[in-house]
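Structural description and commentary
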Amino acid sequence: MPLSPSSAKDKARILAEALPYIQRFHGKTIVIKYGGNAMVEENLKQGFARDVVLLKLVGMNPVVVHGGGPQINDMLKRIGKQGEFIQGMRVTDAETMDMVEMVLGGLVNKDIVNLINRQGGHAVGLTGKDGGFIRAKKMLMRDREKTDEWIDIGQVGEIESIDPALIALLETRDFIPVIAPIGVGESGESYNINADLVAGRLASVLGAEKLILLTNTPGVLDRHGNLLTGLTAQRVDELFEDGTISGGMMPKIGSALDAVKSGVKSCHIIDGRVEHGLLLEVLTDAGVGTLIKAS
Ligand SMILES: Nc1ncnc2c1ncn2[C@@H]1O[C@H](COP(=O)(O)OP(=O)(O)O)[C@@H](O)[C@H]1O
Ligand SMILES: CC(=O)N[C@@H](CCC(=O)OP(=O)(O)O)C(=O)O
């Protein structure tokens, strides 16, 4: 069907609007965290993959870090286990770690790689064990009530270092890295790392222009469900303090703040359930989601 003149004009305007963003972000790295909660529908997943391929083709360097919390929970259920989280981190015993490695490093990683490749991109899937590029150690978690005590949450990792060489190598040949948040310890042991933490640190290490976290809420919401934006460290402290930010939003905000403090120009928490939300964020004037600022 031919487009009506006004709809054709609208489309042309949106395309033209993208030009300054394409110019500004050309050659720049954009770290995209794709949360397990945002991978809900097949058409949304395909839309996400198309957006990533489009960003690559217009000259940006997208790097995808994915989660898969709900997918791990589903698999754990199959073996009669219930996922347990403390302060947004999964309690990870040896059996759970095996499951995490199978689901994140296997199923979820290869699903995303395949989706991107089917849209014409060239994605390569990695875990932090490949080339040993994400070094980790056991995370010590402080008890929020008894602050002088520690809680043992098993094989949950804290990032020691990320070596950017492997990602840089892939970028020289126009591959799109797709990273599962698994780290390796001193003795070769596996660590389950929250994907938000990997995305945040990776954005810092790569000197990324942007960190975009896709999740299943419109952004950070206040107690009445209103969208908050322009959040600074001080405002975030208040929101932690009064309990507005909890659960899975805690590591997200923490890593976003660390990223902007260490030089990542902007960080956005956006709704992965909105079709082409990624393109709207990167290539248009539309303000979507929550922007986190250094100060
Ligand atoms: N203030 C808040 N605003 C929005 N979401 C919040 C807030 N505090 C806690 N959350 C929770 O954080 C969740 C997102 O984190 P998570 O479930 O880990 O998603 P993902 O799989 O995308 O990482 C939301 O679905 C919501 O339940
Ligand atoms: C330590 C820890 O909690 N690891 C996460 C890793 C996956 C993840 O972060 O997935 P989402 O982004 O979908 O939440 C987990 O086991 O669920």
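Residues numbered from 1 in each chain as written. Chains lettered and ligands numbered in written order. Predicted model: local features only at pLDDT ≥ 70, side-chain atom pairs only at ≥ 80, totals over all residues. Heavy atoms only, no water.

Some words on the overall build of the chain
This is how the line gets drawn: Numbering of helices and strands runs from the N terminus; a helix is a DSSP stretch of H or I covering at least four residues, while a strand is a stretch of E covering at least two. For this measure, only C-alpha atoms enter the radius of gyration; the expected value for a globule follows 2.2 Å times N^0.38, where N is the number of residues. Exposure categories follow from relative accessible area, calculated using a 1.4 Å probe and restricted to protein chains: below 20% of the type maximum is buried, above 50% is exposed, and the middle band is partly exposed. We get accessible surface area from the Shrake-Rupley algorithm with a probe of 1.4 Å; when it comes to residues, only the shown protein chains can shield them.
The helix and strand inventory of the chain stands at nine helices and 17 strands. For the chain, whose C-alpha radius of gyration is 19 Å, the value lies close to the compact-globule estimate of 19 Å for 295 residues. Judged by the C-alpha coordinates and their principal axes, the chain covers about 65 × 40 × 35 Å. The proportion of buried residues among the 295 residues of the chain is 48%. Accessible surface computed for the chain: about 14,100 Å², of which carbon and sulfur atoms make up 52%.

Side note on the UniProt feature "binding site: substrate" (unreviewed entry) in the chain
Applicable threshold: UniProt positions are given in the numbering used here, feature names are shortened, and annotations may be inferred rather than shown by experiment. Contacts were defined at the residue level, with two residues in contact if any of their heavy atoms lie within 4.5 Å.
Here the UniProt feature "binding site: substrate" (unreviewed entry) sits at Gly 68, Gly 69, Arg 90 and Asn 192. Across 125 residues of sequence, these annotated residues stay compact in space, with a maximum C-alpha separation of 11.6 Å. The residue Gly 68 is located in the loop between strand E2 (61–66) and helix H3 (69–78) in this model. Gly 68 gets classed as buried once you look at its relative accessible area, which sits at 3%. Not counting chain neighbours up to four residues away, the residues in contact with Gly 68 comprise Gly 36 and Leu 104. Relative to the helices and strands, Gly 69 is located in helix H3. Apart from the residues within four sequence positions on either side, Gly 69 is in contact with Gly 36 and Arg 90.

Looking at the UniProt feature "site: Transition state stabilizer" (unreviewed entry) in the chain
Feature annotation in UniProt places "site: Transition state stabilizer" (unreviewed entry) on Lys 33 and Lys 252, given in this structure's numbering. These annotated residues cover 220 residues of sequence, but their C-alpha atoms sit close together, with the largest distance between any two at 9.7 Å. Examined against the element boundaries, Lys 33 turns out to sit in strand E1 (residues 29–34). Those residues in contact with Lys 33, other than ones at most four positions away along the chain, are Val 65, Gly 67, Ala 195, Asp 196, Ala 199, Ile 212, Leu 213, Leu 214 and Lys 252. Examined against the element boundaries, Lys 252 turns out to sit in helix H8 (residues 249–261). Here Lys 252 falls in the buried class, since its relative accessible area comes to 7%.

Remarks on the pattern of salt bridges
Stated formally: One speaks of a salt bridge when a side-chain nitrogen belonging to Lys or Arg is within 4 Å of a carboxyl oxygen belonging to Asp or Glu.
Evaluated as defined, the whole model comprises 15 salt bridges. When the shortest N-O distance is used, the salt bridge between Glu 158 and Lys 137 registers 3.8 Å. Of this pair, Glu 158 sits in strand E9 (residues 157–162) while Lys 137 sits in strand E6 (residues 134–138), and the two are 21 residues apart along the sequence. A salt bridge links Arg 273 to Asp 271, with the nearest nitrogen and oxygen atoms 2.8 Å apart.

Section: the packing of aromatic side chains
Under the convention used in this document: Two aromatic rings from Phe, Tyr or Trp, using only the six-membered ring of Trp, form a pair when their centres are within 6.5 Å; if the ring planes differ by under 30 degrees the pair is stacked, by over 60 it is edge-to-face, and anything between is tilted.
The tally for this structure, following the rule as stated, stands at two aromatic pairs. Geometrically, the ring pair formed by Tyr 21 and Phe 25 is tilted, given 6.4 Å between the ring centres and 35° between the ring planes. On the criterion of helical spacing, the pair formed by Tyr 21 and Phe 25 is a turn pair, its members being four residues apart in helix H1 (residues 5–25). With a centroid separation of 3.7 Å and 10° between ring planes, the pair formed by Tyr 34 and Phe 48 is classed as stacked. A residue pair is termed long-range when its members are at least 10 positions apart, and Tyr 34 in strand E1 and Phe 48 in helix H2 (residues 42–57) qualify at 14 residues. We classify Tyr 34 as buried; its relative accessible area is 2%. Residue class for Phe 48 comes out buried when judged on its relative accessible area of 5%.

Brief notes about the site of ligand 2
Our working rule: Any residue with a heavy atom positioned within 4 Å of a molecule or strand is treated as near that molecule or strand. Here a polar contact means two N or O atoms within 3.5 Å. Within protein one must be a hydrogen donor candidate and the other an acceptor candidate, and residues neighboring in sequence count only if both atoms are side-chain atoms.
Around ligand 2, the structure places 18 residues, and the nearest of them are Lys 33, Gly 36, Arg 90, Asn 192 and Ala 195. At a separation of 2.7 Å, an oxygen atom of ligand 2 approaches a polar side-chain atom of Lys 33. Contacts to ligand 2 include Gly 69, whose backbone N or O atom sits 3.0 Å from an oxygen atom. In the complex, 93% of the free accessible area of ligand 2, which totals 430 Å², lies under the protein chains.

Let's talk about the nonpolar core
Keep this limit in mind: Side-chain atoms within 4.5 Å are what join buried Ala, Val, Leu, Ile, Met, Phe, Trp, Tyr and Cys residues into a set we call a nonpolar core.
Core analysis: the biggest nonpolar cluster contains 41 residues, and Val 31, Ile 179, Leu 211, Ile 253 and Ile 292 have the highest contact counts within it. For this core, the element with the most residues is H8, which contributes seven residues. Ignoring sequence-local partners within four residues, the contact set of Leu 211 consists of Val 31, Ala 199, Gly 200, Ala 203, Ser 255, Ala 256, Ala 259, Val 264, Ser 266, Cys 267 and His 268. Core analysis: the second largest hydrophobic core is formed by 40 residues, Tyr 34, Ile 72, Leu 115 and Ile 270 among them.

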